[in-house]
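Structure assessment
What follows is each chain in one-letter form.
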Amino acid sequence: MDVERVARVARLELSEEEKELFSRQLKEVLKAFEVLDELDVEGVEPAMHPYEIRNRFRKDEVKKWGEIKMPNKEGEFYKGPRVV
Amino acid sequence: MKLKKLNEKTNAFITLKEEIEEAELYFSIKDNICTKDMRTTAGSKMLYNYHPPFDATVVERIRGKGEILGKTSMDSWGFGTFGTNCDFGIPRNPWDLGRSPGGSSSGAAIVASALKERNVALAESTGGSISCPASFCNVFGLTPTYGLVSRWGLISYADSLDKIGLMARDLKDIALVMNYIAGGDERDPTSYQGRVPDYTKCFGEIKGLKVGVPREYFEHVEEEVKEKVMDGISLLDSLGAEIREVSLKLTKYALASYYLIALSEASTNLARFCGLRYGLSAEMEGEFNEYFSKVRGSGFNQESKRRIILGTFARMAGYRGRYYLKALKVRRLIINEFKEVFSKCDLIAAPTMPILPPKFEEIEELKPIQVYAMDQLTVGPNLAGIPMLSVPIGFSRGLPVGLHLMADHFREDLLFRVGRAIQEHTNYWRKVPEL
């Protein structure tokens, strides 16, 4: 696994030690997970939930809650980092 | 009530309420369940300053039914089997402070076990986070059927696996509080809309109930644990239950399937923690990807980073079919296998955990894959979303052992019936640790 590349996709800053450590540990984890290759899952429907769940909709009503205090909040807006 | 002292010794609470009024029943709440008057951290530094402006549905439903004590410690985001991944002090087992209380609902089990006053813990399980600490701390731990209890206001780990459940010394109190919290909620579209029974009335004879004992659930289990669990099964036999050996051949695949699904979902759920709308933030320097990466790199602990990396990888183009989708297909096979057993048996009985509560030094020696493997007996039923109950079944070397009872979807009534029968015929559950 190319940990550096995955960390970039996950927007996660890692130290050099962490990259080296995870690379070694996750190799072992994936090796152990290869056990799944023993099973034939051809034609098996993936189970997204433990039992069948159908979409259910409710009215889209606006409810007002209290505030969450954040240093980057200005009025009703959140100040974000530079985009371009 | 000496909560402050209990907390100093065990780190059971991340946030303890300042003034507690006397009540007949007390509640503790796992710190990934949102409370509008108390900080909610999910055990992570990332949310050290988060005060939710709302109550989770379960919290709304227990308000006025007793006094809330505080928010209990947990492995951050639910990522752990031993409580050692909590960012606010490592929780300790009240039966031996040098050992783990189990995770991830560590504080919930500590309070349920060590507080003499009548109390119920609101906890949560994704892959075994109620059963494991209940077993290690000698309390009853109920993980309800997926969807029976609303998840609205729970800080998600993995949406298709998360279940809010309860722990207490007395199973009757769990039944009472289940009556408060179970049942549909329009804010959680996966919550169960059907009728819910009165759980306090689910007791009675267990004669004739068919109890399956899966041989695979005894394969990598410590002898001392096995002995106590077999004593518990003999008790069910003597009370007239029909004990039969069954096989759950897919048990050895459950671990990989569980971790791949849980971490795939977790890595998307944790994307929201990026230092903008809540939680940890930093100086707004650099462009947005740099900012997000920096905040996330400093706010997540090592186990969280490891899991985000693994979960992100399992979903990436080129790997998704081999890991994430394959795990979901294996999950289907595992669910079918449980269903097959429940067409012949009313319940399954097994050890909750393969080991006694380990010492912290022993945990430090374990590699991540060895820690994950400790969940081998709890991940299967959690993948299948079936209800399960860990029952105190004795002590070995002064350490608690749990018997795990599992039933088909929405058959909590059977778990209560058998749990109450064991409660009537044993006294282990009455024991309170000396601190």
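Thresholds applied
Residues numbered from 1 in each chain as written. Chains lettered and ligands numbered in written order. Predicted model: local features only at pLDDT ≥ 70, side-chain atom pairs only at ≥ 80, totals over all residues. Helix = DSSP H or I, 4+ residues; strand = E, 2+ residues; numbered from the N terminus. Rg over C-alpha atoms; globule rule 2.2 N^0.38 Å. Buried ≥ 20, exposed ≤ 12 C-beta atoms within 10 Å, placed from the backbone. Contact = placed C-beta atoms within 7 Å. Core = buried A, V, L, I, M, F, W, Y, C linked by C-beta atoms within 7 Å. Nonpolar A, V, L, I, M, F, W, Y, C, P; charged D, E, K, R; others polar. Pairing = 2+ DSSP bridges. Right-handed = clockwise from strand over helix to strand, strands pointing away. Axes fitted to C-alpha atoms, helices over the stretch in contact; angles between N-to-C directions. pLDDT = per-residue confidence, 0-100. Parallel < 35°, antiparallel > 145°, perpendicular 65-115°, else oblique. Left-handed = near helix turned anticlockwise from the far one by under 90°.

**Details of the overall build of chain A**
Assigned secondary structure in chain A consists of two helices and two strands. Going from the N terminus to the C terminus, chain A shows its helices and strands as α-α-β-β. Taken over the C-alpha trace, chain A has a radius of gyration of 22 Å; the compact-globule value for 84 residues is 12 Å, which it surpasses by more than 25%.

**Some thoughts on the overall build of chain B**
Scanning chain B from terminus to terminus reveals 14 helices and 11 strands. Here the C-alpha radius of gyration of chain B, 20 Å, is about what a compact globule of 435 residues would show, namely 22 Å. Along the first, second and third principal axes, the C-alpha atoms of chain B reach 70 × 55 × 45 Å. Relative to its full complement of 435 residues, chain B shows a buried share of 60%. Residue pairs at least 24 apart in sequence account for 77% of intrachain contacts in chain B once pairs closer than 6 positions are excluded.

**Some remarks on the nonpolar core**
All names here are of chain B. Core analysis: the biggest nonpolar cluster contains 151 residues, and Phe140, Leu166, Met167 and Leu405 have the highest contact counts within it. Among the elements that line this core, the one with the most residues is helix α7 (residues 251-269), at 11 residues. For Leu166, the contacting residues outside a window of four places in its chain are Val120, Ala121, Leu122, Ala123, Leu142, Ile174, Val177 and Met178.

**Notes on the interface of chain B and chain A**
Taken together, the contact pairs 53 residues of chain B with 47 residues of chain A. Those elements that place two or more of their residues in the side of chain B that touches chain A are α7, α8 (288-299), α9 (302-315), α10 (321-342) and α12 (368-373) of chain B. In terms of residues, the side of chain B that touches chain A owes the most to one element, α10(B), which gives 10 residues. Of the residues in the side of chain B that touches chain A, the class split is 28 nonpolar, 12 polar and 13 charged.

**Some remarks on helix α3 (residues 106-114) of chain B**
Burial analysis of α3(B) places nine of its nine residues in the buried class, which makes it a mostly covered element. The complete set of buried residues in α3(B) reads B:Ser106, B:Gly107, B:Ala108, B:Ala109, B:Ile110, B:Val111, B:Ala112, B:Ser113 and B:Ala114.

**Topic: the pairing of strand β7 (residues 210-214) of chain B**
Residues and elements named next belong to chain B. One ladder, built from five bridges, connects β7 with strand β8 (residues 242-246); its direction is parallel. The residue of β8 that forms the bridge with Lys210 is Glu242. For the crossover that starts at β7, traverses helix α6 (residues 223-238) and ends in the parallel β8, the hand is right-handed. Here β7 runs beside strand β9 (residues 347-351); their pairing, made up of two bridges, is parallel. If you follow Gly212 over to β9, its bridge partner there is Ile348.

**What about the sheet that holds β9(B)?**
Residues and elements named next belong to chain B. Taken in spatial order, the 11 strands line up as β1-β3-β2-β4-β6-β5-β10-β11-β9-β7-β8 in an open sheet, and their pairing is mixed. Lying at the two open borders of the sheet, with one neighbouring strand each, are β1 (13-16) and β8. On average, each strand axis in the sheet is inclined to that of its neighbour by 25°, with strand direction left out of account. Seen against the sheet, helix α5 (residues 171-181) touches β4 (119-125), β5 (140-143) and β6 (163-168) and runs at an angle of roughly 145° to β6.

**A look at the pairing of strand β2 (residues 26-30) of chain B**
Residue and element names in this part refer to chain B. Here β2 lies mainly inside the structure; five of its five residues are buried. Bridge count for β2 against strand β3 (residues 67-72) is five bridges, and the pairing is parallel. Each bridged residue has a counterpart across the sheet, and for Lys30 the counterpart in β3 is Thr72. A crossover links β2 with its parallel partner β3, the connecting element being helix α2 (residues 57-62), and its sense is right-handed. Examined bridge by bridge, β2 and β4 share four bridges and lie parallel to one another. By the bridge assignment, Tyr26 is partnered in β4 with Asn119.

**Here we look at the confidence of the model for chain B**
Across chain B, the average pLDDT comes to 97, with 100% of residues at 70 or higher. Across the interfaces of the predicted complex, the ipTM metric reaches 0.96, alongside a pTM of 0.98.

**Concerning the environment of B:Leu122**
All names here are of chain B. Mapped onto the fold, Leu122 is located in strand β4. Given 28 C-beta atoms within a 10 Å radius, Leu122 is considered buried. In the structure, Leu122 is positioned 214 residues away from Asn336 in sequence and 30 Å away in space, judged by C-alpha atoms. With near-sequence residues (within four places) excluded, Leu122 lies in contact with Phe27, Ile29, Lys30, Ile33, Val58, Ile164 and Leu166.

**Looking at the packing of helix α2 (residues 16-33) of chain A against α9(B)**
In the contact formed by α2(A) and α9(B), the axes pass within 11 Å of each other and the chain directions differ by 60°. Comparing the axis directions of α2(A) and α9(B) gives the class oblique. In this structure, the crossing between α2(A) and α9(B) has a hand that is right-handed. Residues A:Glu18, A:Phe22, A:Gln25, A:Leu26 and A:Val29 of α2(A) form the contact with α9(B), whose own contacting residues are B:Lys305, B:Arg306, B:Ile309 and B:Leu310. In terms of residue class, the contact of α2(A) with α9(B) is built from five nonpolar, one polar and three charged.

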